[in-house]
Amino acid sequence: MPTAKNGDVAIHYEREGSGEPVVFVPEAGLGGWLWGWQHAALSGPYGTVVWDLRGTGRSDAPPGPYSLSTLVGDLLAVLEECEIRKAHLVGCGLGGAVALETARRSTRAETLTLFGTAPAGEGFALDPLFAPPGDREAIRDSLEVALSAEFRRDQPDAIEGIADWRAEGDADRQGWAAQIAALSGFDATDRLVEITQPALVGAGTADRLVSPEGSRDLADGLPRGEYVAWEGAGHFPFVERSREVNDRLAGFLAEHGT
(Lines give C-alpha, C1' and ligand atoms only; values in the text may rest on other atoms or scores of the structure.)
Protein backbone atom coordinates (compact mmCIF):
# COMPACT_ATOMS: atom_id res chain seq x y z
CA MET A 1 0.00 0.00 0.00
CA PRO A 2 1.74 3.23 -1.11
CA THR A 3 2.06 5.87 1.59
CA ALA A 4 3.75 9.22 2.08
CA LYS A 5 5.02 10.24 5.50
CA ASN A 6 4.48 13.63 7.13
CA GLY A 7 6.45 13.20 10.31
CA ASP A 8 5.24 9.91 11.76
CA VAL A 9 1.83 10.03 10.03
CA ALA A 10 1.34 7.82 6.97
CA ILE A 11 -0.89 9.19 4.19
CA HIS A 12 -2.31 6.63 1.78
CA TYR A 13 -2.38 7.51 -1.90
CA GLU A 14 -2.91 5.82 -5.25
CA ARG A 15 -1.19 6.87 -8.46
CA GLU A 16 -1.87 5.97 -12.08
CA GLY A 17 -0.27 7.03 -15.34
CA SER A 18 2.85 9.02 -16.00
CA GLY A 19 1.60 12.13 -17.80
CA GLU A 20 1.29 15.65 -16.47
CA PRO A 21 0.19 15.20 -12.83
CA VAL A 22 -3.30 15.93 -11.54
CA VAL A 23 -3.70 15.53 -7.77
CA PHE A 24 -7.18 15.32 -6.23
CA VAL A 25 -7.97 16.50 -2.68
CA PRO A 26 -11.18 15.06 -1.18
CA GLU A 27 -13.91 16.61 0.91
CA ALA A 28 -13.86 16.30 4.70
CA GLY A 29 -14.52 12.79 5.91
CA LEU A 30 -14.61 11.23 2.43
CA GLY A 31 -12.02 9.06 0.74
CA GLY A 32 -10.33 9.21 -2.63
CA TRP A 33 -13.31 7.36 -4.18
CA LEU A 34 -14.96 10.77 -4.44
CA TRP A 35 -12.89 11.50 -7.55
CA GLY A 36 -13.52 8.17 -9.27
CA TRP A 37 -15.43 9.75 -12.16
CA GLN A 38 -12.60 12.18 -12.91
CA HIS A 39 -9.82 9.72 -12.13
CA ALA A 40 -11.14 7.30 -14.76
CA ALA A 41 -11.50 10.04 -17.37
CA LEU A 42 -8.08 11.65 -16.90
CA SER A 43 -5.79 8.70 -16.12
CA GLY A 44 -3.82 8.02 -19.28
CA PRO A 45 -3.45 11.47 -20.79
CA TYR A 46 -2.53 12.62 -17.28
CA GLY A 47 -0.86 11.04 -14.30
CA THR A 48 -3.43 11.06 -11.49
CA VAL A 49 -3.06 10.87 -7.73
CA VAL A 50 -5.89 10.38 -5.23
CA TRP A 51 -5.29 10.24 -1.48
CA ASP A 52 -7.09 10.02 1.84
CA LEU A 53 -6.87 12.92 4.27
CA ARG A 54 -5.43 11.99 7.64
CA GLY A 55 -8.30 10.65 9.69
CA THR A 56 -9.97 9.04 6.67
CA GLY A 57 -9.81 5.64 5.01
CA ARG A 58 -6.39 4.02 4.88
CA SER A 59 -4.44 7.06 6.08
CA ASP A 60 -3.40 7.28 9.71
CA ALA A 61 -5.80 8.97 12.11
CA PRO A 62 -3.80 10.69 14.86
CA PRO A 63 -5.70 12.64 17.51
CA GLY A 64 -6.93 16.04 16.35
CA PRO A 65 -7.69 18.79 15.89
CA TYR A 66 -5.85 19.16 12.59
CA SER A 67 -4.77 22.52 11.25
CA LEU A 68 -4.97 23.60 7.64
CA SER A 69 -1.17 23.88 7.69
CA THR A 70 -0.96 20.21 8.69
CA LEU A 71 -3.23 19.12 5.84
CA VAL A 72 -1.21 21.23 3.41
CA GLY A 73 1.88 19.47 4.74
CA ASP A 74 0.26 16.11 4.05
CA LEU A 75 -0.42 17.11 0.44
CA LEU A 76 3.15 18.32 0.02
CA ALA A 77 4.38 15.01 1.46
CA VAL A 78 2.37 13.14 -1.17
CA LEU A 79 3.87 15.32 -3.91
CA GLU A 80 7.37 14.69 -2.56
CA GLU A 81 6.82 10.93 -2.36
CA CYS A 82 5.56 10.91 -5.95
CA GLU A 83 8.47 13.14 -7.06
CA ILE A 84 6.02 15.71 -8.42
CA ARG A 85 7.47 19.19 -8.67
CA LYS A 86 4.23 20.85 -9.81
CA ALA A 87 0.70 19.52 -10.14
CA HIS A 88 -2.76 20.54 -11.21
CA LEU A 89 -4.69 20.50 -7.92
CA VAL A 90 -8.39 19.60 -7.85
CA GLY A 91 -10.28 19.90 -4.57
CA CYS A 92 -13.76 20.08 -3.07
CA GLY A 93 -14.90 21.76 0.15
CA LEU A 94 -12.20 21.30 2.77
CA GLY A 95 -10.10 19.78 -0.01
CA GLY A 96 -10.57 22.99 -1.99
CA ALA A 97 -9.31 25.03 0.98
CA VAL A 98 -6.27 22.73 1.26
CA ALA A 99 -5.52 23.14 -2.46
CA LEU A 100 -6.00 26.91 -2.22
CA GLU A 101 -3.62 27.23 0.73
CA THR A 102 -1.07 24.95 -0.94
CA ALA A 103 -1.06 27.29 -3.94
CA ARG A 104 -0.59 30.30 -1.66
CA ARG A 105 2.12 28.83 0.53
CA SER A 106 4.18 26.94 -2.03
CA THR A 107 5.19 26.88 -5.68
CA ARG A 108 3.82 23.36 -6.25
CA ALA A 109 0.44 24.21 -7.83
CA GLU A 110 0.28 24.54 -11.62
CA THR A 111 -3.47 25.24 -11.66
CA LEU A 112 -6.42 25.03 -9.29
CA THR A 113 -9.83 23.50 -9.86
CA LEU A 114 -12.06 24.09 -6.83
CA PHE A 115 -15.60 22.79 -6.31
CA GLY A 116 -17.90 23.89 -3.49
CA THR A 117 -15.20 26.07 -1.95
CA ALA A 118 -15.62 29.41 -0.18
CA PRO A 119 -12.84 31.92 0.57
CA ALA A 120 -13.40 31.72 4.34
CA GLY A 121 -14.35 29.09 6.91
CA GLU A 122 -17.67 30.77 7.70
CA GLY A 123 -18.80 29.95 4.15
CA PHE A 124 -18.74 26.19 4.81
CA ALA A 125 -21.67 24.37 6.45
CA LEU A 126 -20.41 20.79 6.14
CA ASP A 127 -21.81 19.20 9.31
CA PRO A 128 -24.86 17.63 7.59
CA LEU A 129 -22.49 15.66 5.35
CA PHE A 130 -21.21 13.55 8.25
CA ALA A 131 -22.63 10.08 8.88
CA PRO A 132 -21.22 7.26 11.01
CA PRO A 133 -19.55 4.79 8.61
CA GLY A 134 -21.49 1.87 10.08
CA ASP A 135 -24.92 3.47 9.71
CA ARG A 136 -26.09 3.08 6.11
CA GLU A 137 -29.39 4.82 6.78
CA ALA A 138 -27.55 7.86 8.12
CA ILE A 139 -25.24 7.77 5.10
CA ARG A 140 -28.19 7.80 2.71
CA ASP A 141 -29.80 10.63 4.69
CA SER A 142 -26.61 12.69 4.52
CA LEU A 143 -26.54 12.34 0.73
CA GLU A 144 -29.80 14.31 0.61
CA VAL A 145 -27.82 17.48 1.37
CA ALA A 146 -24.91 16.61 -0.93
CA LEU A 147 -26.67 15.49 -4.11
CA SER A 148 -29.72 16.88 -5.89
CA ALA A 149 -33.12 15.23 -5.55
CA GLU A 150 -33.12 14.63 -9.30
CA PHE A 151 -29.84 12.72 -9.20
CA ARG A 152 -30.92 10.65 -6.20
CA ARG A 153 -34.17 9.75 -7.96
CA ASP A 154 -32.66 8.93 -11.34
CA GLN A 155 -29.44 7.21 -10.21
CA PRO A 156 -30.36 4.76 -7.41
CA ASP A 157 -27.49 2.41 -8.29
CA ALA A 158 -24.99 5.25 -8.00
CA ILE A 159 -26.44 6.18 -4.61
CA GLU A 160 -26.03 2.60 -3.36
CA GLY A 161 -22.46 2.50 -4.68
CA ILE A 162 -21.62 5.75 -2.91
CA ALA A 163 -23.16 4.40 0.30
CA ASP A 164 -20.98 1.28 -0.01
CA TRP A 165 -17.81 3.33 -0.48
CA ARG A 166 -18.65 5.61 2.40
CA ALA A 167 -19.43 2.69 4.71
CA GLU A 168 -16.02 1.21 3.95
CA GLY A 169 -13.85 4.30 4.23
CA ASP A 170 -15.46 7.40 5.75
CA ALA A 171 -13.90 9.12 8.72
CA ASP A 172 -15.48 8.37 12.07
CA ARG A 173 -16.78 11.18 14.27
CA GLN A 174 -13.34 11.80 15.81
CA GLY A 175 -11.60 11.98 12.44
CA TRP A 176 -14.35 14.16 10.99
CA ALA A 177 -14.18 16.65 13.86
CA ALA A 178 -10.38 16.76 13.61
CA GLN A 179 -10.58 17.59 9.91
CA ILE A 180 -13.38 20.16 10.16
CA ALA A 181 -11.34 22.01 12.79
CA ALA A 182 -8.94 22.95 10.01
CA LEU A 183 -11.54 25.41 8.67
CA SER A 184 -11.72 27.28 11.97
CA GLY A 185 -10.15 30.67 11.44
CA PHE A 186 -9.59 30.03 7.73
CA ASP A 187 -10.00 33.29 5.81
CA ALA A 188 -8.12 33.80 2.57
CA THR A 189 -10.28 36.70 1.40
CA ASP A 190 -7.58 39.35 1.66
CA ARG A 191 -4.84 37.02 0.40
CA LEU A 192 -6.46 35.74 -2.78
CA VAL A 193 -4.48 38.26 -4.82
CA GLU A 194 -1.36 36.26 -3.91
CA ILE A 195 -2.68 33.20 -5.77
CA THR A 196 -1.90 33.85 -9.42
CA GLN A 197 -2.35 30.36 -10.87
CA PRO A 198 -5.21 29.81 -13.33
CA ALA A 199 -8.20 28.75 -11.24
CA LEU A 200 -11.46 27.13 -12.30
CA VAL A 201 -14.06 27.52 -9.53
CA GLY A 202 -17.16 25.36 -9.93
CA ALA A 203 -20.42 25.07 -8.04
CA GLY A 204 -23.77 23.37 -8.25
CA THR A 205 -26.54 25.94 -8.05
CA ALA A 206 -28.37 23.70 -5.54
CA ASP A 207 -25.36 23.30 -3.23
CA ARG A 208 -26.65 23.34 0.36
CA LEU A 209 -23.25 22.99 2.04
CA VAL A 210 -21.31 25.84 0.42
CA SER A 211 -23.39 28.53 -1.24
CA PRO A 212 -22.78 29.13 -4.95
CA GLU A 213 -22.41 32.82 -4.06
CA GLY A 214 -19.44 31.92 -1.88
CA SER A 215 -17.82 30.05 -4.75
CA ARG A 216 -18.46 33.00 -7.06
CA ASP A 217 -16.87 35.34 -4.51
CA LEU A 218 -13.83 33.06 -4.49
CA ALA A 219 -13.56 33.14 -8.28
CA ASP A 220 -13.99 36.91 -8.34
CA GLY A 221 -11.24 37.36 -5.75
CA LEU A 222 -8.66 35.24 -7.57
CA PRO A 223 -6.61 37.16 -10.15
CA ARG A 224 -7.10 34.41 -12.73
CA GLY A 225 -10.31 32.90 -11.39
CA GLU A 226 -13.09 31.63 -13.64
CA TYR A 227 -16.51 30.69 -12.28
CA VAL A 228 -18.73 27.99 -13.75
CA ALA A 229 -22.08 26.80 -12.37
CA TRP A 230 -23.97 23.57 -13.02
CA GLU A 231 -27.68 24.27 -12.85
CA GLY A 232 -29.56 22.15 -10.31
CA ALA A 233 -26.52 20.18 -9.12
CA GLY A 234 -25.64 19.81 -5.45
CA HIS A 235 -22.29 19.92 -3.64
CA PHE A 236 -20.73 17.31 -5.94
CA PRO A 237 -21.36 18.48 -9.51
CA PHE A 238 -18.41 16.36 -10.62
CA VAL A 239 -20.45 13.30 -9.59
CA GLU A 240 -23.86 14.43 -10.83
CA ARG A 241 -22.65 15.98 -14.10
CA SER A 242 -19.45 14.02 -14.50
CA ARG A 243 -19.36 14.07 -18.29
CA GLU A 244 -19.87 17.84 -18.48
CA VAL A 245 -17.40 18.47 -15.66
CA ASN A 246 -14.80 16.15 -17.17
CA ASP A 247 -15.03 17.90 -20.53
CA ARG A 248 -14.63 21.30 -18.87
CA LEU A 249 -11.80 20.10 -16.67
CA ALA A 250 -9.94 18.45 -19.56
CA GLY A 251 -10.23 21.63 -21.61
CA PHE A 252 -8.99 23.76 -18.69
CA LEU A 253 -6.00 21.48 -18.10
CA ALA A 254 -5.14 21.39 -21.80
CA GLU A 255 -5.29 25.19 -21.98
CA HIS A 256 -3.07 25.75 -18.98
CA GLY A 257 -0.81 22.69 -19.03
CA THR A 258 2.91 22.81 -19.53
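So, a few notes on the structure that sits alongside this text.

How each quantity is defined
- Residues numbered from 1 in each chain as written.
- Predicted model: local features only at pLDDT ≥ 70, side-chain atom pairs only at ≥ 80, totals over all residues.
- Heavy atoms only, no water.
- Helix = DSSP H or I, 4+ residues; strand = E, 2+ residues; numbered from the N terminus.
- Expected span 1.5 Å × (residues − 1).
- Buried < 20%, exposed > 50% of the residue type's maximum accessible area, 1.4 Å probe, protein only.
- Arc of directions from axis to C-beta.
- Phe/Tyr/Trp six-rings, centres within 6.5 Å; stacked < 30°, edge-to-face > 60°.
- Lys NZ or Arg CZ within 6 Å of the ring centre and 35° of its normal.
- Pairing = 2+ DSSP bridges.
- Axes fitted to C-alpha atoms, helices over the stretch in contact; angles between N-to-C directions.
- Contact = heavy atoms within 4.5 Å.
- Parallel < 35°, antiparallel > 145°, perpendicular 65-115°, else oblique.
- Nonpolar A, V, L, I, M, F, W, Y, C, P; charged D, E, K, R; others polar.
- Lys, Arg positive; Asp, Glu negative; His and termini not counted.
- Salt bridge = Lys/Arg side-chain N within 4 Å of Asp/Glu carboxyl O.
- Polar contact = N/O pair within 3.5 Å; in protein donor to acceptor, adjacent residues only side chain to side chain.

1. Quick look at helix α10 (residues 242-256)
Part 1 of the reasoning: Under the 1.5 Å per step criterion, the end-to-end length of α10 is 21 Å for 15 residues, consistent within 8% with the ideal 21 Å.
Part 2 of the reasoning: Among the residues of α10, those classed as buried are Ser242, Val245, Asn246, Leu249, Phe252 and Leu253. All buried residues of α10 fall inside an arc of 130° around its axis, so they share one side. Exposed residues on α10 whose side chains face more than 90 degrees from its buried face are Arg243, Asp247, Ala254 and Glu255.

2. Overview of the packing of aromatic side chains
Part 1 of the reasoning: If you walk through the whole model with that rule in mind, you get 10 aromatic pairs.
Part 2 of the reasoning: Grouped by ring-pair contacts, the aromatic residues Phe24, Trp35, Phe115, Trp230, Phe236 and Phe238 constitute a single cluster.
Part 3 of the reasoning: Positioned above the aromatic ring of tyrosine 66 is the side chain of arginine 54, whose terminal nitrogen or guanidinium carbon lies 5.5 Å from the ring centre.

3. Side note on the sheet that holds strand β8 (residues 225-230)
Part 1 of the reasoning: Spatially, the eight strands line up as an open sheet ordered β1-β2-β4-β3-β5-β6-β7-β8, and their pairing is mixed. Strands at the two margins of the open sheet, each flanked by one partner only, are β1 (3-6) and β8. With strand direction ignored, the average angle separating the axes of adjacent strands in the sheet is 25°.
Part 2 of the reasoning: As paired elements, β1 and strand β2 (residues 9-16) share four bridges and run antiparallel to each other. Across the sheet, residue alanine 4 finds its bridge partner in β2, namely isoleucine 11.
Part 3 of the reasoning: Lying over the sheet, helix α2 (residues 68-81) contacts β1, β2, β3 (20-25), β4 (46-51) and β5 (87-92), oriented at roughly 130° with respect to β1.
Part 4 of the reasoning: Together, β6 (109-115), β7 (199-204) and β8 form the strand contacts of helix α8 (residues 212-221), whose direction differs from that of β7 by roughly 170°.

4. Here's the deal with the packing of α2 against helix α3 (residues 94-105)
Part 1 of the reasoning: Remark: α2 packs on α3, axes separated minimally by 9 Å, with the N-to-C direction vectors making an angle of 75°. Of the possible angle classes, the one that applies to α2 and α3 is roughly perpendicular. In this structure, α2 contributes Leu68, Ser69, Leu71, Val72, Leu75 and Leu76 to the contact, and α3 contributes Leu94, Ala97, Val98, Glu101, Thr102 and Arg105.
Part 2 of the reasoning: Among the residues forming the contact of α2 with α3, the class breakdown is eight nonpolar, two polar and two charged.

5. Here's the deal with unusual backbone geometry
Part 1 of the reasoning: In this model, glycine 64 is joined to proline 65 through a cis peptide bond whose omega is 0°.
Part 2 of the reasoning: With respect to the helices and strands, the residue proline 65 is situated in the loop between β4 and α2.
Part 3 of the reasoning: Residue glutamate 83 is not a glycine yet carries a positive backbone phi of 55°.
Part 4 of the reasoning: Mapped onto the secondary structure, glutamate 83 falls in the loop between α2 and β5.
Part 5 of the reasoning: Classification of glutamate 83 as exposed rests on a relative accessible area of 74%.

6. Overview of the side chain of glutamate 240
Part 1 of the reasoning: Relative to the assigned elements, glutamate 240 resides in helix α9 (residues 237-240).
Part 2 of the reasoning: For the buried glutamate 240, no salt bridge exists, and the shortest N-O distance to an oppositely charged side chain is 4.9 Å, to arginine 241.
Part 3 of the reasoning: Within the structure, the side chain of glutamate 240 is placed 3.0 Å from the backbone nitrogen of glycine 234, a separation counted as a polar contact.
Part 4 of the reasoning: Non-local contacts of glutamate 240, meaning those with residues more than four positions away in its chain, are made with Ala146, Leu147, Ser148, Phe151, Gly232, Ala233 and Gly234.

7. Some details on the side chain of histidine 88
Part 1 of the reasoning: The topology assignment puts histidine 88 in strand β5.
Part 2 of the reasoning: The class of histidine 88 is buried, set by a relative accessible area of 1%.
Part 3 of the reasoning: Within the structure, the side chain of histidine 88 is placed 2.8 Å from the side chain of glutamate 20, a separation counted as a polar contact.
Part 4 of the reasoning: The contact partners of histidine 88, leaving out residues within four places of it in the chain, are Glu20, Pro21, Val22, Val23, Glu110, Thr111, Leu253, His256 and Gly257.

8. What about the environment of isoleucine 162?
Part 1 of the reasoning: Mapped onto the secondary structure, isoleucine 162 falls in helix α6 (residues 156-169).
Part 2 of the reasoning: Taking the relative accessible area as the measure of exposure, isoleucine 162 reaches 2% and is therefore buried.
Part 3 of the reasoning: Between the C-alpha atoms of isoleucine 162 and alanine 131, which are 31 residues apart in sequence, the distance is 13 Å.
Part 4 of the reasoning: Ignoring anything within four residues of it in the chain, the contact list for isoleucine 162 reads Trp33, Trp37, Leu143, Leu147 and Val239.

Functional significance is not addressed by these values, which are geometric in nature.
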